[in-house]
Number of protein chains: 2
Amino acid sequence: MFSRILEASKRLSGIAHITPVMASRTLDETAGAEVFLKCENFQRTGAFKFRGAYNAVSRLTAERLSRGVITYSSGNHAQAVALVARLLGTHATIVMPNNAPATKRAATEGYGATVVEHNPEETTREEVAKQIQLEHDLTLIKPYDNQDVIAGQGTAALEFHDQIRDLDAILAPCGGGGLLSGTAVATKSLYPRCRVIGVEPELADDATRSFKTGELQTVYNPPTIADGARTPSLGELTFPLVMKNVDDMWTVSETAIVDAIKFLFYRMKLVVEPSGALGVAALMSGATRDYGRVGVVLSGGNIDGPTIRQILAD
Amino acid sequence: MFSRILEASKRLSGIAHITPVMASRTLDETAGAEVFLKCENFQRTGAFKFRGAYNAVSRLTAERLSRGVITYSSGNHAQAVALVARLLGTHATIVMPNNAPATKRAATEGYGATVVEHNPEETTREEVAKQIQLEHDLTLIKPYDNQDVIAGQGTAALEFHDQIRDLDAILAPCGGGGLLSGTAVATKSLYPRCRVIGVEPELADDATRSFKTGELQTVYNPPTIADGARTPSLGELTFPLVMKNVDDMWTVSETAIVDAIKFLFYRMKLVVEPSGALGVAALMSGATRDYGRVGVVLSGGNIDGPTIRQILAD
């Protein structure tokens, strides 16, 4: 997988943004560590998902590419695949639940994709995507259970270690485990002694339970504000990568997530979505006093008006 | 003044942040120009004001410094002077109107300053500050009408030109004119052909009218959302500097300011306060199609909860 990440990095060169790293004295004092924030909220489409989507779609043969791509996602992967398809001159179809926020649908359509709604009460998104995929001979780009997607996500950590040397630990949020797997493989290949820690909401702790028990655990539609972490479980590819390369999994409360978003907003002037703030939430909850230099991946900044207004209402 | 800016730059080295420059393809398309945003919202205390305050206070003799400093401001200059005083081991007194937002007072006190309230119906802030200054033998650090403050603010443009070469124009917001004066002097000294444009809210267009007529014009408590631009007029020092070094003054509507803040928030993931968004508001209103490369100073990011919630409510 590490060689795939290195190849992905070459493929993304000049296409993905090299996102900046930010720091804050106040955060350092609160966390009791030297903290570095990798700002993937500044990545194209507002999240790290652009990396994996571009890496996967750009590897298709000209013939496969010309047929078009399809995926299922109501979140950042949808926008990423939509933009990548446009950049590479093909067409994207995105399967979304019919209760997805209008803003997310509009953003995805804004990049030129076709959105197909499905009723989650009647069918799964996988079934709907499969049917359309077969009918139109499209290529399915899964959100996280895809080697090229995982490799693409791993380039964020590669870049991070290049920007900030000698990290003692790196924290990444965990939904389906694509970012966490890629981060862990890149980190352990370069700096085996750097600890890799995945962070989940307490309310969606399936990956933490999977990690602790060694058996795949699931959640169903967990009521966490961190929509990027509502995925039911780790994937077939990401689960073993997490088991092998991740050192620990931590969970954070909903209150800690909200507090982290507010801190990032008011003090650091950064717009970060709930899933993107998981690592900072862990640090601000006093999760670690044991590390000197801690890197945190702020995975994305796509937050809608009602959510941020509610968060800033207190 | 340019030599003062160069000296200020040396003084601020390692103390002020070198703030990043951000760009957006979408903004470029909207503006019809190549746009670069100088992110002074990431400066210490969340605004460029730290530069001028540090430059002015750090130049005091040990004896004057030990007596303490005083200023009047309900905004970013207050927080800047408060932090600078703490960094330099002295004490700051800040005169604020008794109707200043509690958050701004709390932020200033958070940096260790003493806040003195005055009733703007009864006395001016200048009178109150003068009395305390004389009583305790303090040094008054005016918000903009001070050579060292202006020179400090000019370092943002110096740094900007060093980061992005060959700008055709540079846009800076205008309140009391400290930032605009410093930006204009630095720019004209380095790149005389780069146009310098000040931007004001239509509702607080005193500097624009002063610039057009050549006579100092004033506004009284204008109802603009851009609190940093509510200053009554340019100062004794800033007015002639603006007349001599600025090429044009533009005004923008309140709607344009709100739209700019929303764009910066949702698309660029940047928290920018209303005054800080004036330049982007001008570009998004179609103010320029004539320049190739345009630099914009995002002057600050200190926005309170009620204001941002209202802006994001539409």
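Bear in mind that the values here come from a model prediction, so they are computed numbers and not experimental data. Sequence order as written defines residue numbering, which begins from 1 separately in each chain. Chain labels run from A onward and ligand labels from 1 onward, assigned in the order the entries are written. Owing to the predicted nature of the model, reporting of local features is limited to residues with pLDDT of at least 70; listing and counting of side-chain atom pairs is limited to 80 or more, with chain, interface and lining totals taken over all residues. Remark: hydrogens and water are excluded; side-chain values derive from all non-hydrogen atoms of the structure.

*Asks:* In this structure, what is going on with the relation of the copies chain B and chain A? I would like to understand it.
*Replies:* Both copies of the chain are related by one operation, a rotation about an axis with a shift along it. Superposing copies: least-squares fit, C-alpha atoms only, residues required to have pLDDT of at least 70 in both. Expressed as a screw transformation, the operator carrying chain B onto chain A has a rotation angle of 180° and an axial translation of 0.0 Å, and the superposed copies differ by an RMSD of 0.0 Å. Both copies of the chain, as the preceding transformation shows, are related through a two-fold rotation axis. Contact criterion: two residues are considered in contact whenever any of their non-hydrogen atoms come within 4.5 Å of each other. A symmetric contact is evident, with 100% of the interface residues of chain B recurring at the interface of chain A.

*Asks:* What should I look at first to understand the packing of helix H3 (residues 49-58) of chain B against helix H5 (residues 76-87) of chain B in this one?
*Replies:* All names here are of chain B. Between N-to-C directions, angles span 0 to 180 degrees; the directions come from axes that are lines fitted to C-alpha atoms, helices contributing only their stretch in contact. Starting at the N terminus, helices and strands are each numbered in turn, a helix being any DSSP run of H or I of at least four residues and a strand any DSSP run of E of at least two. Running from amino to carboxyl end, H3 crosses H5 at an angle of 45°, the nearest separation of the two axes being 8 Å. By the criterion of interaxial angle, the relationship of H3 to H5 is oblique. The hand of the H3/H5 crossing is right-handed. On H5, the residues touching Lys 49, Phe 50, Ala 53, Tyr 54 and Val 57 of H3 are Asn 76, His 77, Ala 80, Val 81, Leu 83, Val 84 and Leu 87. What sets the label is the angle itself: under 35 degrees gives roughly parallel, over 145 gives roughly antiparallel, 65 to 115 gives roughly perpendicular, and the rest give oblique. A clockwise turn of the near helix away from the far one marks a right-handed crossing, whereas an anticlockwise turn of less than a right angle marks a left-handed crossing.

*Asks:* I'm lost on helix H7 (residues 125-136) of chain B in this one. Help?
*Replies:* A turn of α-helix holds 3.6 residues, and therefore any two residues three or four places apart point the same way. All names here are of chain B. For H7, built from 12 residues, the straight-helix expectation of 16 Å at 1.5 Å per residue is met to within 8% by its first-to-last C-alpha distance of 17 Å. Within H7, burial applies to Val 128, Ala 129, Ile 132 and Gln 133. Buried positions in H7, seen along its axis, are confined to an arc of 130° and lie on one side of it. Along H7, exposed side chains directed more than 90 degrees from the buried face belong to Gln 131, Leu 134 and Glu 135. To estimate the expected span of a helix, count its residues, drop one, and scale the result by 1.5 Å. Throughout this description, buried means an accessible area under 20% of the type-specific maximum (1.4 Å probe, protein chains only), exposed means over 50%, and partly exposed covers the range between. Each direction from the helix axis to a C-beta atom contributes to the arc, which is the arc of those directions.

*Asks:* I keep staring at the interface of chain B and chain A and nothing clicks. Help me out?
*Replies:* With 24 residues of chain B in contact, the opposing surface of chain A contributes 24 residues. Basic side-chain nitrogens of Lys or Arg form a salt bridge, by our definition, when they fall within 4 Å of a carboxyl oxygen of Asp or Glu. Scanning the region where chain B abuts chain A turns up 0 salt bridges. Within 3.5 Å is the distance limit for a polar contact, defined as a pair of N or O atoms, with the added protein rule that one can donate a hydrogen and the other accept it, and that residues adjacent in sequence qualify only through two side-chain atoms. Our enumeration of links across chain B and chain A arrives at 10 residue pairs in polar contact (both at pLDDT 80 or more). Taken together, the elements giving at least two residues each to the side of chain B that touches chain A come down to helix H12 (254-266) and helix H14 (305-311) of chain B.

*Asks:* Help me understand the state of the cysteines in this model?
*Replies:* Two cysteines whose sulfur atoms are joined by a covalent bond form what is called a disulfide. Two cysteine sulfurs form what is called a disulfide whenever their separation falls within 2.5 Å. In this structure the tally under the stated criterion is 0 disulfides over all chains. You can see Cys 174 of chain A has no disulfide; the closest cysteine sulfur is in Cys 194 of chain A, sitting 17 Å from it. The class of Cys 174 of chain A is buried, set by a relative accessible area of 1%. Just so you know, Cys 39 of chain B is unpaired, no disulfide at all, and the nearest cysteine sulfur is the one on Cys 39 of chain A, 11 Å from it.

*Asks:* Would you take a moment to explain the confidence of the model for chain A for this structure?
*Replies:* Regions with low pLDDT carry predicted coordinates that are not meant to be interpreted in detail. Within a predicted model, pLDDT stands for the predictor's per-residue confidence, ranging from 0 to 100. Of the residues in chain A, 99% reach a pLDDT of 70 or more, and the chain-wide mean stands at 95. For this predicted complex, the interface score ipTM comes out at 0.94, while the overall pTM is 0.95.

*Asks:* Even after reading the chapter, I still don't get the sheet that holds strand E3 (residues 69-72) of chain B, so can you show me in this structure?
*Replies:* Hydrogen bonding along the main chain pairs the strands of a sheet, whether they run parallel or antiparallel. All names here are of chain B. For two strands to pair, DSSP has to find at least two bridges joining them. Overall, parallel pairing links the 4 strands, which are arranged E5-E4-E3-E6 in an open sheet. The outermost strands of the open sheet, each flanked by one partner alone, are strand E5 (114-118) and strand E6 (139-140). Across the face of the sheet, H5 comes into contact with E3 and strand E4 (92-97) while running at roughly 165° to E4.

*Asks:* Please explain the pattern of salt bridges as it appears in this structure.
*Replies:* Close approach of charged atoms lets side chains of opposite charge pair. Residues and elements named next belong to chain A. What the rule picks out here adds up to 34 salt bridges over all chains. Of the charged contacts in the structure, one is a salt bridge between Arg 105 and Glu 117, with a shortest N-O distance of 2.6 Å. Of this pair, Arg 105 sits in helix H6 (residues 102-110) while Glu 117 is found in strand E5 (residues 114-118), placing the two residues 12 residues apart along the sequence. On the basis of relative accessible area, Glu 117 is assigned to the partly exposed category, the value being 44%.

*Asks:* Where do I start with the domain arrangement of chain A in this structure?
*Replies:* Many analyses report the size of an interface as the accessible area lost when the parts associate. Residues and elements named next belong to chain A. A domain assignment, automatic or from a database, supplies the domain bounds used here. Examined at the domain level, chain A breaks down into domain 1 (2-47 + 146-313) and domain 2 (50-140). Each of domain 1 and domain 2 was reduced to a C-alpha centroid, and the two centroids are 24 Å apart. Counting from both sides, the interface comprises 27 residues of domain 1 and, opposite them, 17 residues of domain 2. Throughout, buried area stands for the accessible area (probe radius 1.4 Å) lost by two parts on being put together, summed over both. Taken together, both faces of the contact between domain 1 and domain 2 bury some 1800 Å²; the carbon and sulfur share is 51%. Of all residues in domain 1, Arg 11, Thr 45 and Asp 148 give up the largest surface area on contact with domain 2, accounting jointly for 31% of the area buried on that side. Along the contact surface separating domain 1 from domain 2 lie 4 salt bridges. When residues of the side of domain 1 that touches domain 2 are traced back to their parent elements, those giving at least two are helix H1 (2-12) and helix H8 (147-163). If one sorts the elements of the side of domain 1 that touches domain 2 by residue count, H8 sits on top with 8 residues. Charged residues are taken to be Asp, Glu, Lys and Arg, nonpolar residues to be Ala, Val, Leu, Ile, Met, Phe, Trp, Tyr, Cys and Pro, and polar residues to be all remaining types, Gly included. Taken together, the residues of the side of domain 1 that touches domain 2 break down into 8 nonpolar, 9 polar and 10 charged.

*Asks:* Please explain the nonpolar core as it appears in this structure.
*Replies:* In globular proteins that are soluble, nonpolar side chains generally tend to be buried together. Here, nonpolar core refers to any group of buried Ala, Val, Leu, Ile, Met, Phe, Trp, Tyr and Cys residues whose side-chain atoms link them within 4.5 Å. Residues Leu 264 and Leu 270 of chain A together with Leu 264 and Leu 270 of chain B are the most contacted members of the largest nonpolar core, which totals 86 residues. Filtering out sequence-adjacent residues up to four positions away, Leu 270 of chain A remains in contact with Met 22, Cys 39, Asn 41, Phe 42, Leu 264, Phe 265 and Leu 298 of chain A together with Phe 42, Lys 269 and Val 271 of chain B.

*Asks:* Explanation requested: the pairing of strand E4 (residues 92-97) of chain A in the structure shown.
*Replies:* Moving residue by residue along a regular strand, the side chains alternate between the two faces of the sheet. All names here are of chain A. In terms of burial, E4 is a largely internal element, 6 of the 6 residues being buried. Neither face of E4 is exposed, since Ala 92, Ile 94 and Met 96 on one face and Thr 93, Val 95 and Pro 97 on the opposite face are all buried. Here 4 bridges tie strand E3 (residues 69-72) to E4, and the two strands are oriented parallel to one another. Looking across to E4, one finds that Thr 71 is bridged to Ile 94. As paired elements, E4 and E5 share 5 bridges and run parallel to each other. When the bridges of E5 are listed, Ile 94 appears paired with Val 115. In this fold, the crossover linking E4 to E5 by way of H6 has right-handed handedness. Looking down the strands as they point away from the viewer, one classifies a crossover as right-handed if the path from the first strand across the helix to the second runs clockwise.

*Asks:* Can you walk me through the side chain of Lys 38 of chain A in this structure?
*Replies:* Residue and element names in this part refer to chain A. Locating Lys 38 in the fold gives a position in strand E2 (residues 34-39). A distance of 2.6 Å separates a polar atom in the side chain of Lys 38 from a polar atom in the side chain of Glu 159. Within the local environment of Lys 38, its side chain forms a polar contact with the side chain of Gln 163, the two groups lying 2.7 Å apart. Among residues more than four places away in sequence, those in contact with Lys 38 are Thr 19, Pro 20, Val 21, Arg 51, Ala 156, Glu 159, Phe 160, Gln 163, Val 296, Val 297 and Leu 298.

*Asks:* When you look at H12 of chain B in this model, what are you seeing that I'm missing?
*Replies:* Here H12 of chain B contains 13 residues, and its C-alpha end-to-end distance of 18 Å stays within 8% of the 18 Å for a straight helix at 1.5 Å per residue. When H12 of chain B is considered as a whole, its buried residues turn out to be Ala 256, Ile 257, Val 258, Ala 260, Ile 261, Lys 262, Phe 263, Leu 264 and Phe 265 of chain B.

*Asks:* Teacher, can you tell me more about unusual backbone geometry here?
*Replies:* Residues other than glycine predominantly adopt negative phi, and peptide bonds predominantly adopt the trans conformation. Residue and element names in this part refer to chain A. Located in the positive-phi region is Thr 45, a residue other than glycine, with phi close to 65°. One can find Thr 45 in the loop between E2 and helix H3 (49-58). In this structure, Asp 166 takes a positive phi of about 60° despite not being glycine. Structurally, Asp 166 is set in the loop between H8 and strand E7 (169-173).

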